[in-house]
Amino acid sequence: MASNTSKTARASVRAGQGSGGALSVLGEYKYLIPLADGRFAYVRNLTNGKTAHLKTDSEAFVEEIRVLTGAGHGAKIRAELVTLHEKNPEHGWAATEKRLVDAGVFEG
């Protein structure tokens, strides 16, 4: 069966599954894998096991984060956004977080 997930996305997910992987911190998986200076990101959806490659200013990105927040992962995603901004303030992660807040993603 053919896979719709890119080779890079599969490699990123596999990297996070091993012990000490780049996508795992103290047993916690990363939801966001930044790409192209924050313009794009892989969004790991642990509820369905899929990784989406999305533009961070797109409606699809907002909806994917909304789904994850609805499943109870909002606080962790927001913490990741803050960490990404602290590490790379020039990549616009604060603007990405503001866009999600303005869309009401983290409410309720």
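Per chain, residues are indexed from 1 in the order of the written sequence. Local features in this predicted model are restricted to residues whose pLDDT is 70 or higher, and side-chain atom pairs enter the listing and the counts only when it is 80 or higher, whereas totals over whole chains, interfaces and linings include all residues. In computing side-chain values, all of the structure's heavy atoms are included and hydrogens and water are not.

1. What to know about helix H3 (residues 93-102)
Stated formally: Partly exposed describes any residue whose relative accessible area lies between the buried limit of under 20% and the exposed limit of over 50%, with all areas from a 1.4 Å probe on protein chains only and scaled to the type maximum. What counts as a helix is a DSSP run of H or I of at least four residues, what counts as a strand is a run of E of at least two, and both are numbered from the N terminus. Within this analysis, the arc is defined by the directions that extend from the helix axis to the C-beta atoms.
Looking at H3, one finds that the buried residues are Trp 93, Thr 96, Glu 97 and Leu 100. For H3, the angular spread of the buried residues around the axis is 100°, confining them to a single face. Residues of H3 that are exposed and point more than 90 degrees away from the buried face comprise Lys 98 and Asp 102. Once H3 finishes, Gly 104 follows within two positions and takes phi at roughly 75°, a positive value.

2. So, the pattern of salt bridges
Pairing between side chains of opposite charge can happen when the charged atoms of each approach one another. The condition is simple: Salt bridges are identified by distance alone: a Lys or Arg side-chain nitrogen within 4 Å of an Asp or Glu carboxyl oxygen.
If you walk through the whole model with that rule in mind, you get three salt bridges. A salt bridge links Arg 66 to Glu 63; the shortest N-O distance between them is 3.3 Å. Of this pair, Arg 66 and Glu 63 both sit in helix H2 (residues 59-87), three residues apart, which is roughly one turn of that helix. Among the residues examined, Arg 66 registers a relative accessible area of 29% and is labelled partly exposed. Owing to a relative accessible area of 33%, Glu 63 belongs among the partly exposed residues under this scheme.

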